[in-house]
Amino acid sequence: MHDGRELELNVVALPSEQSEDPRIALLRLERRVERERRARLEAEAIAEGGTRALHEKQRQLKLLQTIATAANESSSIADTLRFALKEICAFAGWSLGHVYEVSRGDHELLPTAIWHAADEAMAGVFRDATLLTPLPRGVGLPGRVLATGAPAWLTDVTDATNFPRAQVAAASGLRAGFAFPVMVGREVAAVMEFFTSETREPDNALLALMAQIGTQLGRVIERKRAEERLVHDASHDPLTGLPNRALLLDRLNYAIARRRRDEDFQFALLFVDLDRFKLVNDSLGHAAGDVLLIEVGRRLQAALRQEDLAARPVAGAASSPHTLARLGGDEFIVLIEELAHPSDAVRIGERLIETLARPITVDGQEVYATASVGVATSTAEHAAAEDILRDADLAMYRAKSSGRGRIEIYDHGLHEVAISRLKLESDIRRAVREHEFTLHYQPIVALESREVVGFEALVRWQRSPQELVYPDRFIAVAEETGLIVFIGLWVLREACRTAARWQRAFPRPQPLTMSINLSPRQFQQPDLVEQVRAIVTEAGVAPETVHLEVTEGVTIDDPERTIRIIEELRAFGVGVGIDDFGTGYSSLSYIHRLPLDVLKIDRSFVLGMDASGEGRQIVRTIMDLAQNLDIDVIAEGAEQASHVDQLQAMGCHFGQGYFFSRPVEAAAAEALLAQGPFK
Amino acid sequence: MKGIVFNLLEEVVRRGYGEQVWDDLLDAAGADGSYTALGTYSDAEIVGLVGAASQALRLPPREVLRWFGREAMGLMAERFPGLFEPHRSARPFILSVNSIIHPEVRKLYVGAACPYIDLREEPDGTLTVGYRSMRRMCGLAQGFMEGAAAHYGERIAVEHRQCMEGGDAKCTMAVSWS
């Protein structure tokens, strides 16, 4: 700071001034003081400017910090935005703040209940009007912010051209306004608008600060969204977007608890399982399986929605009483709450089966995704969600095993069935381990010569020395569990060895043949052909004398693969035939495409020849077809002389049945061979 | 008291009475005299200067303050035009004292102890102004208001209804426009 001393020194330092006129010296001194004063004022002005800027900066930082802290501590977006409105109003001295949210699809702003008003009386009418004023993109002050993603300012809203609420704003005494976006990344998630009772010129510093706050608040929304996504992901199946097991159990437990309080409340659980999903996955690949599951989920959901509409014609009257969940794999669950009557559950189940009746196009192929449905209702005593889920599962299992595309309702008997099935499964495992299977052989006879030309090998299970179990009792379970693959390989090996032995012991110009059944599961094994090749070669039997028999169902699931496998087997030399022909669904035109050696007429048709002309007609049709295709026919179920006569008359050359012999043990079969042609 | 007030006082004294009189006042009050706008100086110094002026001008201290306030307003209008420009009349200017003027003063002069002013607009058009400050400088407040009126080319009458000088807890002034 300048003071008198320095001044004195200056005066003393210049000797010339001492000789000057004292009046002139005084004037010069005054001028100098004036210069010093001006310099001081300027310095002060600069310092004032700096102090003011610093002060502003501190206030801004404080506002940002306050809002950031609130944003981090609050779990509610609305609370955070409301707090921000209040702080900004206080900071900038504005009267009114409101948040517009962006609608789904980003094309519109919707008013919210998030407000701050310094003066309630002023806010009332304007707020009421705002609540009735959604704003399309680009319209009004907030609409402009939505369109541009940038803050906007109106010095006087009452004479703005693009401000639909101008009139009510004027009536409420509002003049200046500004708005800025709450940004999540580059997306406008909400728009905050502010108004005050005086006109105000645009304040770019304020808008720049608001833009920062907008980004800050956006992070809260982003975090909340991420949280919601996590919660959603944790409770939903990522493939179909449907609720997952956890969410289903949650709702189910809620329903059970409600049922405990309110006896009139009824619910049902539908266990929906696709019948041949595994096949789609195995043959068309997992991607195709996924497409199928998504479409199935979509259809089930649509069917349930129609149910909702039928039950509650008033749209939006209540939340849907249905929960469709995917448990994983091809298992879908429907929880139906507020069930009027248990029979409604069955009706809805039928509707679900129906909606899957139309084929689904996957990878350009039409796939029929039939489903089996098990129903468990709240009428049974259920302590926990897992119990009712298990019951619905059991009912579904029963539906599946009694034919596909069906509905079963759980009853207590099912539980016992399930337990005995479990026991059967573990017994079959033991049987595989302990080699408890044995083969019986049924001769195949040339109808003209009555000579035995070959045998069909049939598996039996010697469960105990006293108990011989027939395939109808265990094959289905073995097939489902996959144990059939081990059993089938054993049968193939054993039958081939027997064939080799008998061919040596009982030589014929046309060596004895051995027919062996392949189960669907076996047929799907990728290394089937190699296995057959290895076993037949190892047994030392000529491949031409081995006939593999598959059921019709096996062949139609994946025609291309079926044809390829059959061709490979035939290239090796073994014959391939269709067992139980006529009972499946294959069309006659389809049979044309299969490179077959043998058709076996199912015993039901042969037995049916007695009763009606129709039975005979079926057999005749199959015979004609086989003759046209140059395929051998073996008639099963030849039980009486009359059957044999009729079959012969129709040109059938081979038969198999009780008329000649039931399936017998190896020793008995050898005795038959030894005794020569049947008389 | 912030240095800006001393600067303003110096300025109005110099303009009205000349350089020498300001020097005389400093001598009479025994005051230092080197004040910068951003600095803070003892309240006793301003009281001493006002006292000295009161004797020199043969005016009561509150009249000195009033005169000072009136004159200083003109200087402030030059120095802080942003506070005056938004208004067309003294009334909204005075009404902005708590919301704009004093906050702005606090921004410029860290630590400024501005008094709190109650403002109430009466149905008859008068403005009731309440003043409460340890410094009891209601005369300065009155002078500021009169200076503001002069700035906008208006005349006001200020009637003291309560005064801290008379032992009241606060000063209440009724301001009316003529």
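Treat the numbers as computed from the prediction; the structure is a model and nothing was measured. Starting from 1, residues in each chain are numbered consecutively following that chain's sequence as written. For this description, chains carry letters from A and ligands carry numbers from 1, given in the order in which they are written. This being a predicted model, a pLDDT of at least 70 is required before a residue's local features are given, and a value of 80 or more before pairs of side-chain atoms are given or counted; all residues contribute to the totals for chains, interfaces and linings.

Caption draft 1: Region of the structure containing the overall build of chain A. In DSSP terms, a helix is any run of H or I states spanning at least four residues, a strand is any run of E spanning at least two, and both are numbered starting from the N terminus. The helix and strand tally for chain A stands at 25 helices and 22 strands. The exposure scheme places C-beta atoms from the backbone and then counts, for each residue, the other C-beta atoms within 10 Å of its own, assigning buried at 20 or more, exposed at 12 or fewer, and partly exposed in between. Counting over 679 residues, chain A shows a buried share of 35%.

Caption draft 2: Region of interest: the overall build of chain B. Each helix and strand counted, chain B has 8 helices and 4 strands in total. Secondary structure elements of chain B, listed N to C terminal, follow the sequence α-α-α-α-α-α-α-β-β-α-β-β. Counting the 178 residues in chain B, one finds 34% classified as buried.

Caption draft 3: Region of the structure containing the packing of helix 3 (residues 22–73) of chain A against helix 8 (residues 204–235) of chain A. Residue and element names in this part refer to chain A. At their nearest, the axes of helix 3 and helix 8 sit 10 Å apart, and the two run at 10 degrees to each other. The orientation of helix 3 relative to helix 8 falls into the category roughly parallel. You can see that helix 3 and helix 8 cross each other, and the crossing is right-handed. Residues Gln60, Leu64, Ile67, Ala68 and Ala71 of helix 3 lie in contact with helix 8, whose contacting residues are Leu209, Gln212, Ile213, Gln216, Leu217, Arg219 and Val220. Residues are sorted three ways: Asp, Glu, Lys and Arg are charged, Ala, Val, Leu, Ile, Met, Phe, Trp, Tyr, Cys and Pro are nonpolar, and all the rest, Gly among them, are polar. Residues belonging to the contact of helix 3 with helix 8 are distributed by class as follows: 8 nonpolar, 3 polar and 1 charged. Axes here refer to lines fitted to C-alpha atoms; in helices the fit is confined to the stretch in contact. Angles between the N-to-C directions go from 0 to 180 degrees. Orientation is classified from the angle alone, with under 35 degrees giving roughly parallel, over 145 giving roughly antiparallel, 65 to 115 giving roughly perpendicular, and any other angle giving oblique. By convention, the crossing between two helices is left-handed when the near helix turns anticlockwise from the far helix through less than a right angle, and right-handed when the turn is clockwise. By the criterion used throughout, residues are in contact when their C-beta atoms, derived from the backbone, lie within 7 Å.

Caption draft 4: The interface of chain B and chain A, seen in detail. Contacts between the two partners involve 8 residues from chain B and, on the opposite side, 11 residues from chain A. For the side of chain B that touches chain A, a count of residues per class yields 4 nonpolar, 3 polar and 1 charged.

Caption draft 5: Structural context of the confidence of the model for chain B. Residues and elements named next belong to chain B. Confidence scores here are pLDDT values: one per residue, from the predictor, ranging 0 to 100. When pLDDT is averaged across chain B, the result is 90; 100% of the residues are at 70 or more. Taken element by element, chain B is modelled with least confidence in helix 7 (residues 97–108), mean pLDDT 86, and with most confidence in helix 8 (residues 138–151), mean pLDDT 94. Taken over the whole predicted complex, pTM reads 0.51, whereas the ipTM for its chain interfaces reads 0.73.

Caption draft 6: Structural detail: the sheet that holds strand 4 (residues 171–177) of chain B. Residues and elements named next belong to chain B. The strand order across the open sheet built from 4 strands is 1-2-4-3, with neighbouring strands paired in antiparallel fashion. Each edge of the open sheet carries a strand with a single partner, namely strand 1 (116–121) and strand 3 (156–162). Put simply, the sheet's adjacent strands are angled 25 degrees from each other on average, direction ignored. One requirement defines pairing of two strands: DSSP has to find at least two bridges between them. When strand 2 (residues 127–132) meets strand 4, the two strands line up antiparallel, connected through 5 bridges. Within strand 4, the residue paired with Thr128 across the bridge is Ala174.

Caption draft 7: Geometry of the environment of A:Gly241. Its place among the elements puts A:Gly241 in the loop between helix 8 and helix 9 (245–261). Residues A:Gly241 and A:Ala325, spaced 84 residues apart in sequence, show a C-alpha to C-alpha distance of 9.0 Å.

Caption draft 8: Inspection of the pairing of strand 5 (residues 176–184) of chain A at higher detail. Residue and element names in this part refer to chain A. With 9 of 9 residues buried, strand 5 lies mostly within the body of the structure. In this structure, strand 4 (residues 152–154) lies alongside strand 5, joined through 3 bridges in antiparallel fashion. In the strand pairing of strand 5, Leu154 is matched with Gly177. Across 9 bridges, the pairing between strand 5 and strand 6 (residues 187–196) is antiparallel. When the bridges of strand 6 are listed, Phe180 appears paired with Met192. Counting the residues between successive antiparallel strands, the hairpin from strand 5 to strand 6 contains 2 residues, one of them, Gly185, with a positive phi of roughly 65 degrees.

Caption draft 9: Geometry of helix 3 of chain A. Residue and element names in this part refer to chain A. Expected span of a helix: the number of residues minus one, times 1.5 Å. Spanning 52 residues, helix 3 covers 75 Å between terminal C-alpha atoms, matching the ideal 76 Å at 1.5 Å per step. The set of residues buried in helix 3 consists of Leu63, Ile67, Ala70 and Ala71. If you follow the buried residues of helix 3, they end up packed against helix 4 (77–92) and helix 8.

Caption draft 10: The arrangement of the environment of A:Phe506 in detail. Residue and element names in this part refer to chain A. Among the secondary structure elements, Phe506 is positioned in the loop between helix 16 (484–505) and strand 17 (513–517). On the neighbour-count criterion, Phe506 (14 C-beta atoms within 10 Å) is partly exposed. For the pair Phe506 and Glu670, spaced 164 residues apart in sequence, the C-alpha to C-alpha distance is 8.9 Å.

Caption draft 11: Seen up close, the confidence of the model for chain A. The predicted model of chain A has a mean per-residue pLDDT of 86, with 93% of residues at 70 or higher. Note on residues 1–13 of chain A: pLDDT is under 50 here. Beyond four places in sequence and across chains, it has 4 contacts.

Caption draft 12: Main features of the packing of helix 1 (residues 3–17) of chain B against helix 4 (residues 61–79) of chain B. Residues and elements named next belong to chain B. Look at helix 1 against helix 4: their axes get within 9 Å of each other, and the N-to-C directions meet at 95 degrees. When the interaxial angle is binned, helix 1 and helix 4 end up roughly perpendicular. In contact with Leu8, Leu9, Glu11, Val12 and Gly16 of helix 1, helix 4 contributes Phe68, Glu71, Ala72 and Leu75. Of the residues that constitute the contact of helix 1 with helix 4, the class distribution is 6 nonpolar, 1 polar and 2 charged.

Caption draft 13: Unusual backbone geometry, seen in detail. Residues and elements named next belong to chain A. Positive phi, close to 55 degrees, is recorded for Glu338, a residue that is not glycine. Tracing the chain through its elements places Glu338 in the loop between strand 9 (331–336) and helix 12 (342–355). By C-beta crowding, Glu338 is classed as partly exposed, having 16 other C-beta atoms within 10 Å.

Caption draft 14: Structural view of the sheet that holds strand 4 of chain A. Residues and elements named next belong to chain A. The sheet built from 6 strands is open, its strands ordered 3-2-1-6-5-4 with antiparallel pairing. In the strand order of this sheet, the two ends are held by strand 3 (135–136) and strand 4, each with one partner. Running over the sheet, helix 4 touches strand 1 (96–102), strand 2 (108–117) and strand 6 and is turned about 60 degrees from strand 2.

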